[in-house]
Amino acid sequence: MNVRSVRGTHDILPGSVELWQEIEEKTRLLFRRYGYGEIRTPVLEETNLFCRSLGLETDIVQKEMYTIPARRGRDISLRPEGTAPVVRSYLENHLNRGSGLTKLYYVGPMFRRERPQKGRYRQFHQIGAEVLGSDHPGIEAEVMEMLHVLLDDLGVRGVRLLVNSVGCPSCRPAYVRILQERLLAESDLCADCRKRSRRNPLRVLDCKQASCSPVIDNLPSILDHLCRECRDHFRRFREFLDLIGVSYSVTPRLVRGLDYYVRTTFEMVTDRLGPTQNALLGGGRYDGLSELLEGPPAQGFGFGLGLERLVLLLSRNDQLAAGYRSPRPEIFFAYLNEDSLEKAFTLARDLRREGIFAYLDFGGRSLRAQMRLANRLGSRFVCVIGDDEIRTGLYSIKRMADGTQTRLQQGRISRHVRSA
RNA sequence: GUGGGCGUAGCUCAGUCAGGUAGAGCACAGGGUUGUGGCCCCUGUGGCCGUGGGUUCAAGUCCCAUCGCCCACCCCA
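It should be emphasised that the depicted structure is a prediction, and the values quoted were computed from it without experimental measurement. (Residues numbered from 1 in each chain as written. Chains lettered and ligands numbered in written order. Predicted model: local features only at pLDDT ≥ 70, side-chain atom pairs only at ≥ 80, totals over all residues. Heavy atoms only, no water.)

A. Quick peek at the overall build of chain A. In terms of regular secondary structure, chain A is built from 15 helices and 16 strands. Computed over C-alpha atoms, the radius of gyration of chain A comes to 29 Å, more than 25% over the 22 Å expected from 2.2 N^0.38 for 420 residues, which places it beyond the range of a compact globule. In terms of its C-alpha atoms, chain A occupies a principal-axis envelope of roughly 95 × 50 × 45 Å. The buried share of chain A, reckoned over its 420 residues, is 49%. A sequence separation of at least 24 residues applies to 69% of the contacts in chain A between residues at least 6 apart. Of the roughly 21800 Å² of accessible surface on chain A, a fraction of 47% belongs to carbon and sulfur atoms. Between the averaged position of the 64 positive side-chain charges in chain A and that of its 52 negative side-chain charges there is a distance of 3 Å. (Helix = DSSP H or I, 4+ residues; strand = E, 2+ residues; numbered from the N terminus. Rg over C-alpha atoms; globule rule 2.2 N^0.38 Å. Buried < 20%, exposed > 50% of the residue type's maximum accessible area, 1.4 Å probe, protein only. Contact = heavy atoms within 4.5 Å. Areas by Shrake-Rupley, 256 points an atom, 1.4 Å probe, with all protein chains shown as cover. Lys, Arg positive; Asp, Glu negative; His and termini not counted. Charge placed at Lys NZ, Arg CZ, Asp CG, Glu CD.)

What follows is the structure in structure tokens.
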């Protein structure tokens with residue numbers, strides 16, 4: 001076949017889609033308990049939305065967006081992430097009216113034009129949640145606790161929570177200057193880091209090159225340069241985490257890619273996805289984002305979780321992935337000729353109307369082949385229809401488990417299937 | 001964008017080193033059983049050997065190019 005799915009995109013087929021459904025169902029149920037409402041925003045947004053919110057220097061904006069040219073200045077792009085669209089919708093639809101706190105979650109596809117790799121695709125899916133209208137550190141801990149419960153519910157083990165504070169506009173610039181001075185004086189950095197040192201020094205902290213590690217380890221920590229408010233916020237946040245009993249490690253090197261983050265940032269990582277694709281989910285606070293979009297001040301906090309990565313983790317967990325079996329027919333109608341097919345056709349319809357899973361094959365197979373099919377599908381009963389049955393009005397019903405067979409009147413079939 | 005691996009039946013893969021009629025298992029279809037599944041046995045369908053070019057009497061196999069998939073780097077979910 002010469003038509004294939006586009007690079008980096010994948011079909012989710014029966015047999016694996018059920019795991020996705022289970023994840024989504026558990027998520028919806030849980031998030032509802034925490035007061036989140038679902039929001040569905042368009043997959044297309046003005047390119048500008050992402051340029052302004054994520055930052056022009058980010059990889060996403062620089063090279064990873066699928067952009068469709070449109071009227072000058074109004075190009076549109078497939079969304080590369082979920083937070084900016086939610087905030088856009090929040091502002092556009094005045095969702096802040098009424099209560100001070102707005103909790104929203106979403107599930108859907110995101111698009112980034114990168115080289116596909118294990119756990120990273122061009123169309124991928126995220127579950128995300130955003131809390132708008134509060135800058136309280138407690139809500140941050142609540143989100144993490146909720147995620148903790150979700151992963152636990154799903155049977156994900158071995159996930160570590162990393163937390164950090166990246167400061168705010170009043171303290172971060174000073175730190176970045178100090179950092180940059182130190183970095184420009186260093187000679188043992190990789191080529192990328194030398195570039196980053198000039199353009200975006202914070203990103204150096206994220207470098208995974210082994211050769212850069214010793215240098216990075218000796219750099220000043222942002223946590224030592226937070227302003228009083230940020231320091232208090234971060235301390236309070238950790239107190240709440242302790243209170244709920246969620247364990248974490250403070251990771252000053254955790255900077256994250258997007259410009260809009262302030263104060264608390266976090267990731268949940270696992271070593272079961274490889275050394276670099278280790279982030280299962282990530283997020284943080286973005287109090288200035290609304291203003292970047294020319295909205296009124298509005299604090300925000302949220303996360304995005306990579307569904308493909310979650311599925312990858314769970315697929316190795318036999319009880320969830322390998323345990324799936326397609327639904328088994330309760331009764332399979334096998335027929336011998338065209339007349340009996342018509343009878344089977346109407347009988348199947350009647351039983352389905354009673355809520356029974358009735359299976360009828362149109363492959364023109366021999367009776368033997370139909371029996372084999374019924375067996376392979378795991379049907380509990382098979383009804384064989386031939387001239388005898390039509391003449392007498394008594395239908396042969398075979399229980400596949402033990403091979404016993406009885407003859408029943410049409411009206412009795414459903415009860416028989418149900419009872420056994 | 002850079003590097004590595006792999007493209008042979010619907011699926012999983014042998015065959016490539018040493019050029020000589022295209023293979024196995026599973027799946028599918030028919031039969032052994034004229035109206036009855038599983039186990040077993042027999043038979044059968046199914047391949048531009050990714051694509052194009054080159055070398056050769058002869059290419060799945062050697063050479064060149066190209067496309068695709070996977071993995072890794074970068075970065076992230």
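Next comes the rest of the account.
B. The domain arrangement of chain A, seen in detail. Domain boundaries in chain A define domain 1 (17-171 + 226-315) and domain 2 (331-419). Using C-alpha coordinates to define each centre, domain 1 is positioned 52 Å away from domain 2. (Domains from an automatic or database assignment.)

C. Highlighting the packing of aromatic side chains. Applying the stated criterion to the full structure yields 9 aromatic pairs. Relative to Tyr36, the ring of Phe31 lies with its centre 5.9 Å away and its plane at 45 degrees, an arrangement referred to as tilted. Residues Phe31 and Phe303 carry aromatic rings whose centres are separated by 6.3 Å and whose planes lie at 85 degrees to one another, so their mutual orientation is edge-to-face. Placement of Phe31 in helix α1 (residues 17-33) and of Phe303 in strand β11 (residues 300-306) is noted, with a sequence separation of 272 residues between them. Every member of this aromatic cluster is reached through a ring pair, and the members are Phe31, Tyr36, Tyr105 and Phe303. (Phe/Tyr/Trp six-rings, centres within 6.5 Å; stacked < 30°, edge-to-face > 60°.)

D. Expanded view of unusual backbone geometry. Unusually for a residue other than glycine, Arg263 sits at a positive phi of about 50 degrees. For Arg263, the position within the fold is in strand β9 (residues 262-269). Backbone geometry places Glu294, a non-glycine residue, at a positive phi of 65 degrees. Position of Glu294 among the secondary structure elements: in the loop between α10 (289-292) and β11.

E. Representation of the pattern of salt bridges in the model. For the coordinates displayed, the defined rule picks out 22 salt bridges. Between Arg52 and Glu294 there is a salt bridge; the shortest N-O distance is 3.0 Å. Of the two residues, Arg52 sits in helix α2 (residues 47-54) while Glu294 sits in the loop between α10 and β11, which places them 242 residues apart along the sequence. The exposed category is assigned to Glu294, whose relative accessible area is 66%. When the shortest N-O distance is used, the salt bridge between Asp361 and Arg365 registers 2.9 Å. Each of the salt bridges in this network shares a partner with another, and the network as a whole consists of Glu24, Arg28, Glu38 and Arg40. (Salt bridge = Lys/Arg side-chain N within 4 Å of Asp/Glu carboxyl O.)

F. Expanded view of α1. Taking 1.5 Å of rise per residue, 17 residues should cover 24 Å, and α1 covers 25 Å from first to last C-alpha, within 8% of that figure. Within the span of α1, buried status applies to Glu18, Leu19, Trp20, Ile23, Thr27, Leu30 and Phe31. Buried-residue contacts for α1 involve β5 (102-111), β6 (123-132), α5 (137-154), β11 and α11 (307-315). Positive backbone phi, approximately 90 degrees, marks Gly35, located one or two places after α1. (Expected span 1.5 Å × (residues − 1).)

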